[in-house]
Structures are given as structure tokens and as C-alpha cells.
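# Descriptive analysis of the structure
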Amino acid sequence: MTVKSAFNLTSLKSLYDNKVLPVLIDKACALESISQQRERVVPKASGIVLEIGVGSGLNARFYDAQQVTQVIGVDPHLQPLAQERFAAVGIKLVSQPLSAETLPLEDNSVDSVVMTFTLCSIPDPSRALSEIKRILKPAGKLYYAEHGLAPKPKLVGKIQQMITPAWKPLAGGCHLDRDIEQLLIQAGFTVLGEQGFTQGISIVGYHYWGEATAGTVNTLVE
Ligand SMILES: C[S@@+](CC[C@H](N)C(=O)[O-])C[C@H]1O[C@@H](n2cnc3c(N)ncnc32)[C@H](O)[C@@H]1O
């Protein structure tokens, strides 16, 4: 390959990543089946909310504006649309182009964390979850809706694992094969969640959703 063709490939990839992919992701993430998952978790967020991977702000219309004080939205690839979507529903969005693995927020400083269809794309999910755990107040909750590894049928999981290396560069770093619940548990969260195929069997159709707490779980002493 000549230097010129390598240069052309690099600029083509950058055009795809910066111009084409954000539009594709916004369209895919606005599908009805995905909106139904948002509806299950986002309205539960309250107080000061940290949204991880706020992207183009597709969650804005699902928040209960009456119980949210403000949303701090972080994402290394912030979309201008996010500000517009939050403004349209009257919720203050403070957004920063940051990665979830290292956040300049104080310990125990937010009431809720919202994370939808983002853990698949975070390069170091364990580090991001430990940051979330640090920042969340002890009584706070992480509300999540994600797609990930299908444990059954085994064939789907195997296909997800096989395809991920080729899929990742085309889909903004998205891994098809992450076991979201395991990652949460390994990070020390207590999980109250559900999982399953929500719209037929497909490589992106296995979803995990629910809430997770970082504080100590109280057990009843008899
Ligand atoms: C599929 S999009 C989902 C966007 C949005 N959460 C939604 O539900 O529509 C994945 C998002 O994760 C973001 N992302 C990737 N790496 C990240 C990181 N290290 N920290 C925070 N967000 C990240 C991407 O920039 C992108 O906006």
C-alpha cells in the first residue's frame, strides 16, 4: 500500500467515524424497541443525575422533569443534538466531553446514574463501573439498559463473540458479547435486573435492564 492510499483510507475512516456513524447510531438508537427499554429505566432517575455516554440526548424525553434537578452528561463524542433535546424538555444538561473511566466528580456526589446502550462501547467497562460506584451516593441507584451477551441459545453467544472483532471498528467500539450483569456484579454492585431477548433472536437483541446499588445491602436481623 502506498502512503497516499493509506492516507486516503485514514481520512475515509475518520469521515465515517465523525460524520456517518453518529447519524447511524442516532437512527438505530431511536428505534421503537430501544425506546421501550429506555422507558423501563430512565423515568426512575431523580435528583442530580449523571448520564454516562449521553450521546445525542435520546434519553431526554424519558426523564421525569419533575424529579430531576439536573443531568450531568459525559461522553467522549458529545453530539450538539443532546443540548437541543434536553432543552426541549426543560431539563438542565451540563455536558462534558469525558470518558467514563476517569471522571472529575467528587465521591458520593450524584443521586442517580443513567447508562443506556453505552457499556458495550466503553473501552474499559470495569474501570468505568468503579468510577460510577465511587461517584454515586450510598443510597443512589444506577439505572441501566444495555445490549449484550446472550447466554442462551449458546449459538447466538458464539456468533456474537466471533463477530465482535469485525463489528467493533464499524460500530464505534461496540462489543456484542459483554455480560452486563456479570460486569456490574464484579464491580461490586447489587443488581436488581432483568435480561432476555426483547424483539426476537438477534445478535443485538439480547438486553439487560434494571437498577443497581453500590451501597451496602441491609439484611434483616431476626
Ligand atoms: C450506542 S451510543 C448510545 C448513546 C446513548 N447512551 C443512547 O442511549 O442513545 C454509545 C455511546 O457511548 C459513548 N462512549 C464510548 N466510549 C465511552 C466512554 N469511554 N465513556 C463514556 N461514553 C462513551 C459513545 O460516544 C456513544 O455516544
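This text goes with the structure placed above it.
Here the structure is a predicted model, which means the values were calculated and not measured. (Residues numbered from 1 in each chain as written. Predicted model: local features only at pLDDT ≥ 70, side-chain atom pairs only at ≥ 80, totals over all residues.)

## A look at helix α3 (residues 80-88)
Stated precisely, the cut-off is as follows: Any residue surrounded by 20 or more other C-beta atoms within 10 Å of its C-beta is treated as buried, while 12 or fewer makes it exposed and the intermediate range makes it partly exposed; C-beta atoms here are placed from the backbone. Secondary structure elements follow DSSP: runs of H or I of four or more residues count as helices, runs of E of two or more count as strands, with numbering from the N terminus. By construction, the arc corresponds to the directions joining the helix axis to the C-beta atoms. Contact criterion: two residues are in contact if their C-beta atoms, reconstructed from the backbone, are within 7 Å.
When α3 is considered as a whole, its buried residues turn out to be Ala82, Arg85 and Phe86. An end-on view of α3 places all buried positions within 95° of arc, on one side of the element. Pointing more than 90 degrees away from the buried face of α3 are the exposed residues Pro80 and Ala88. Those residues of α3 that are buried are in contact with β2 (68-74) and β3 (93-96). A positive phi of about 75° marks Gly90, the residue just after α3.

## Brief notes about the site of the ligand
Heads up, the rule is: Any residue qualifies as near a molecule or strand once its backbone-derived C-beta atom lies within 6 Å of it. Gly is put with the polar residues, along with every residue not named as nonpolar or charged; the nonpolar set is Ala, Val, Leu, Ile, Met, Phe, Trp, Tyr, Cys and Pro, and the charged set is Asp, Glu, Lys and Arg.
Taken together, 22 residues are adjacent to the ligand, and Gly53, Gly55, His77, Ser99 and Ala100 come closest. Across the shell around the ligand, the residue classes break down as 10 nonpolar, 10 polar and two charged.

## Thoughts on the environment of Thr69
Mapping Thr69 onto the fold places it in strand β2. Along the chain, Thr69 and Val204 lie 135 residues apart, while their C-alpha atoms are 33 Å from each other. Beyond its immediate sequence surroundings of up to four residues, Thr69 is in contact with Gly47 and Ile48.

## A closer look at helix α5 (residues 154-170)
Given 3.6 residues per turn, any residue in an α-helix points the same way as the ones three and four places further on. To be explicit about the condition: Expected span of a helix, by definition, is 1.5 Å for each gap between consecutive residues, and there is one gap fewer than residues. To get the bend at any residue, fit one axis to the seven residues that end at it and another to the seven that begin at it, then take the angle between the two axes.
Here α5 contains 17 residues, and its C-alpha end-to-end distance of 24 Å stays within 8% of the 24 Å for a straight helix at 1.5 Å per residue. Largest kink in α5: about 55°, centred on Thr164, with the proline Pro165 one to four residues after it. Phi for Gly172, located one or two positions after α5, is positive at around 65°.

## Digging into the environment of Arg61
Here Arg61 lies in the loop between β1 (47-52) and β2. Judged by the 16 C-beta atoms lying within 10 Å of it, Arg61 is partly exposed. Distance from Arg61 to Ala88, taken between C-alpha atoms, is 8.4 Å for residues 27 residues apart in sequence.

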